[in-house]
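These are the residues of each chain, in order.
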Amino acid sequence: MTEQNPLITPYDLPRFHQIKPEHVLPALQHALDKSKKILAEIEEVTEPSWQTVLEPLSDIGDLLHRSFGPVSHLHSVANSESLREVYNQALPLLVEFSLTLSQNKKIYQQLKEIQKSPSWVTLTMGQRRTIEHKIQAAELAGIALKDDEQQKFNALISELRNLETQFSNNVLDATKAFKLVIHGKEKLRGLPESFLELAVEKYAASQNKGANTNAGPWQLGLDGASYLPVMQFAEDRILRHEVYAAYLTRASTEPTDNRDLIEKILDLRKKQAQMLGFHNFAAMSLTEKMAKNPAAVYSLTEDLLQKAFPQAQCELEELIVYAKKHGQKEPLEHADISFWAKRLEEE
């Protein structure tokens, strides 16, 4: 399997067209086995330095990224039942090892020693920032927690990652499930010919029935290639509003209802933050960002609002006048903005 596995054999760019579900677990296990050996070697280092600790850690990151990065991408853009099944099997293995690595006390101590050593001043700013980031990542992974608390923390993170994956799957499934079949071409006026060709192909592939660009039927969806052209070019206002409402309410009804998941994810994120000594998840998240605290974020957004709002108001008024001048009798709503903005842009 190793010789034929495109996730194991060296590559410059991922060979996405060759990756199959059966490649995923062997490739990840191969990367984990090699990573564990490297990790064991790092733990034996007695004189920690950039070369003896950070470079091998980078090798581990590269191994994991090259074996699972392309899989994660495919899971997002070309999801299938078979790929999802192995992805769900692989994710706990990756989460477990990532936590083991981040919570490794020997490596954490080595990083702290490098930070305090005379060689610290000889490192580049980028190297120092990398070490600081890894120390911070270890602390955010619960390295300071007692053993029993760390076990609870790890179980929480594992559950959280599973829920986040389920959330993404629901959005993807809800997007795929929406199929709006149009039988009269008049309803699609304004849409480019290239879009109509794709819509006919979608119908033919989905329904296993014949269709043609002139007579249809045409099938619309909520993926970007379908949703955006409808919002920008479809002259039929009712059609735009129907597609817009469907897009906005994705994953809000069974069997892909995300509403309970959102509550669970927010609750687990709050518990995660509080276990690490933060008041809430926002405060924890901002430790890795430029803003110092949630108050700073609110201050920035409020400042941007005050500066941007007058111009936005002027542009909206211009769009309202333009839409009315060109035949829209109803008040301008969200589902109308992209359509009329595109018409104005074209002039």
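Residues numbered from 1 in each chain as written. Predicted model: local features only at pLDDT ≥ 70, side-chain atom pairs only at ≥ 80, totals over all residues. Heavy atoms only, no water.

1. Considerations on the overall build of the chain
Counting secondary structure elements, the chain contains 13 helices and two strands. At 26 Å, the chain has a C-alpha radius of gyration far larger than the 20 Å of a compact globule built from 347 residues. Dimensions of the chain, computed from C-alpha atoms along their principal axes, come out at roughly 75 × 55 × 40 Å. Here the chain holds 347 residues, and the buried ones make up 36% of them. For the chain, the share of sequence-separated contacts (at least 6 apart) that also reach a separation of at least 24 residues comes to 64%. About 20500 Å² of surface is accessible on the chain, with carbon and sulfur atoms providing 55% of the total. (Helix = DSSP H or I, 4+ residues; strand = E, 2+ residues; numbered from the N terminus. Rg over C-alpha atoms; globule rule 2.2 N^0.38 Å. Buried < 20%, exposed > 50% of the residue type's maximum accessible area, 1.4 Å probe, protein only. Contact = heavy atoms within 4.5 Å. Areas by Shrake-Rupley, 256 points an atom, 1.4 Å probe, with all protein chains shown as cover.)

2. Some details on the packing of helix α2 (residues 50–77) against helix α5 (residues 125–140)
Close contact between α2 and α5 brings their axes to 12 Å; oriented N to C, the two are set at 65 degrees. When the axis of α2 is compared with that of α5, the two are roughly perpendicular. As α2 runs across α5, the sense of the crossing is left-handed. For the pair α2 and α5, the contacting residues are W50, L54 and L57 in the first and Q127, T130, I131 and K134 in the second. Considered class by class, the residues forming the contact of α2 with α5 number four nonpolar, two polar and one charged. (Axes fitted to C-alpha atoms, helices over the stretch in contact; angles between N-to-C directions. Parallel < 35°, antiparallel > 145°, perpendicular 65-115°, else oblique. Left-handed = near helix turned anticlockwise from the far one by under 90°. Nonpolar A, V, L, I, M, F, W, Y, C, P; charged D, E, K, R; others polar.)

3. Notes on the packing of helix α1 (residues 21–43) against α2
Taken N-terminus to C-terminus, the directions of α1 and α2 make an angle of 175 degrees; their axes are 9 Å apart at the nearest point. Here α1 is positioned roughly antiparallel relative to α2, judged by the angle of their axes. Each of V24, A27, L28, A31, L32, K34, S35, I38, L39 and I42 in α1 lies in contact with α2, whose residues at this interface are T52, V53, P56, L57, D59, I60, L63, L64, S67, F68 and V71. Classifying every residue of the contact of α1 with α2 by side-chain character gives 16 nonpolar, three polar and two charged.

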